[in-house]
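So the chains spell out like this:
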Amino acid sequence: MQTAQRIAALPPYLFAEIDRKISEKRAQGVDVISFGVGDPDQPTPAHIVAAMQAAAADPSTHQYPSYYGMPEFRAAIARWYATRFGVTLDPGSQIQPCIGSKEGIAHLATAFVDPGDVVYVPDPAYPVYEIGTLLAGGRVEVLPLTPDNGFFPDLSTFQPAPNTKILWLNYPTNPCAAVATRAQLQTAVDACREHGILLAYDNAYSEMTFDGFVAPSVLECEGAFETAIEFHSLSKTYNMTGWRIGWACGSTQAVEALGRVKTNIDSGIFNAIQQAGIAALDGPQEPLADLRAMYQRRRDLVVSTLRDIGIDLTPPRGSVFVWVPVPQGHDSASFATLLLEEAGVVVPPGRGYGPSGEGFVRFSLTVPDDRLEEGLARIRKAL
Ligand SMILES: Cc1ncc(COP(=O)(O)O)c(C=O)c1O
């Protein structure tokens with residue numbers, strides 16, 4: 001039996017590697033604390049769970065869902081976009097529900113990228129932009145995100161390679177925890193319109209912001225509907241990572257193309273989960289305010305502890321991460337190894353997110369308070 005070249009070319013998924021290391025350490029009896037994956041530790045709000053329970057008991061939800069999502073779910077997304085961003089979406093042609101945004105992100109390249117085509121991805125970045133491109137036979141070019149450019153690429157002089165199809169951006173960023181203003185996003189919209197390429201914007205962390213920062217949608221920008229598709233998710237906003245529900249919205253052409261791929265690959269999201277999604281988007285938003293306050297408190301604890309031990313940090317204003325420069329004399333892998341060996345704490349090395357991630361490690365804030373405090377106390381002692 002021989003597997004395809006296309007999977008041989010894939011790097012191992014970063015978190016599969018990290019899980020392996022954690023299991024190894026645990027097998028040695030170490031009480032490992034993982035600041036690894038950005039998976040919310042808090043439960044899904046009760047009213048959302050109740051909506052799912054009621055819907056699951058209704059036999060009308062038990063059959064194949066619509067490929068395009070329930071009209072009621074798409075309408076709830078449109079209402080939420082109007083309220084939250086002041087953006088008007090046509091539920092019939094500008095929204096495509098996805099089985100979590102990861103699924104849509106991975107499949108976008110199938111709709112746009114032919115073998116040899118070029119996709120620009122931020123470096124460092126959430127790995128799926130690159131993986132989707134590679135699976136479609138595309139070639140990746142990187143847009144480095146560094147402290148020097150404020151973790152936002154200068155697109156004013158952007159000259160894409162021939163056959164460029166997509167440019168990916170993600171703010172608030174995983175892993176750099178940087179945020180972007182609407183004016184910055186406008187430069188990306190302008191560049192993509194000028195060159196006739198799709199701007200794929202990942203807004204999964206739009207609600208995870210601090211110190212009063214309000215993250216924009218790329219669809220607020222002038223001309224965005226001609227060139228942009230935005231991915232969104234209920235995962236982080238409502239602690240629903242396990243439910244697998246998100247969506248893509250924006251350019252009618254891009255939404256239609258992604259939908260065409262999906263109708264041939266999957267059969268949509270369980271209708272009871274879509275009902276829960278409606279409850280999330282239309283329901284009380286107070287749990288979200290509490291969640292934000294909790295992450296901000298945790299962020300402050302991480303930042304102040306690391307500053308105390310001599311690591312210079314600016315508190316990030318978005319995402320559920322802190323992007324931490326490694327101390328002198330270390331690279332990202334050696335520092336991550338030191339934290340695991342000396343403190344039993346797991347952090348992903350920045351290099352795993354791309355070459356420009358070298359020199360950083362990522363701390364996730366989705367760790368229960370007592371474990372976060374314990375992990376930080378161990379780090380303080382070890383360093
Ligand atoms: C930047 C970013 N985008 C998208 C996702 C995928 O989220 P989901 O598939 O749960 O919607 C993640 C998950 O961690 C992420 O960090």
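Notes on the structure in this doc start here.

Conventions and cut-offs
Residues numbered from 1 in each chain as written. Predicted model: local features only at pLDDT ≥ 70, side-chain atom pairs only at ≥ 80, totals over all residues. Heavy atoms only, no water. Near = heavy atom within 4 Å. Polar contact = N/O pair within 3.5 Å; in protein donor to acceptor, adjacent residues only side chain to side chain. Areas by Shrake-Rupley, 256 points an atom, 1.4 Å probe, with all protein chains shown as cover. Helix = DSSP H or I, 4+ residues; strand = E, 2+ residues; numbered from the N terminus. Nonpolar A, V, L, I, M, F, W, Y, C, P; charged D, E, K, R; others polar. Expected span 1.5 Å × (residues − 1). Buried < 20%, exposed > 50% of the residue type's maximum accessible area, 1.4 Å probe, protein only. Contact = heavy atoms within 4.5 Å.

**Side note on the site of the ligand**
Not every one of the 15 residues close to the ligand is listed here, only the nearest: Asp202, Tyr205, Ser233, Ser235 and Arg244. Residue Asp202 places a side-chain N or O atom 2.5 Å away from a nitrogen atom belonging to the ligand. In isolation the ligand offers 400 Å² of accessible surface; the protein chains occlude 91% of this area. If you tally residues by element for the shell around the ligand, the top one is helix H5 (residues 101-112), at three residues. For the shell around the ligand, the residue count by class is five nonpolar, six polar and four charged.

**Details of helix H10 (residues 271-282)**
The first and last C-alpha atoms of H10 sit 16 Å apart over twelve residues, in line with the 16 Å expected at 1.5 Å per residue. Those residues of H10 that fall on the buried side of the exposure criterion are Asn271, Ala272, Ile273, Gln274, Ala276, Gly277, Ile278, Ala279, Ala280 and Leu281. Residues of H10 that are buried sit in contact with helix H3 (46-56), helix H4 (71-85) and strand E8 (246-250).

**Brief notes about unusual backbone geometry**
Asp123 connects to Pro124 through a cis peptide bond whose omega is 5 degrees. A cis geometry characterises the amide bond from Tyr171 onward to Pro172, with omega recorded as -15 degrees. Looking at the element boundaries, Pro172 is found in the loop between strand E5 (164-170) and helix H7 (182-195). The phi dihedral of Asn163 falls on the positive side, at around 65 degrees, and the residue is not glycine.

**Things to note about the side chain of Asn203**
When you line up the elements, Asn203 lands in the loop between strand E6 (198-202) and helix H8 (224-227). On the accessibility criterion, Asn203 (0% relative accessible area) is buried. Leave out the neighbours within four places in its chain, and Asn203 touches Phe85, Tyr171, Pro172, Pro216, Ser217, Glu230, Phe231 and His232.

Function cannot be inferred from these measures alone, as they are strictly geometric.
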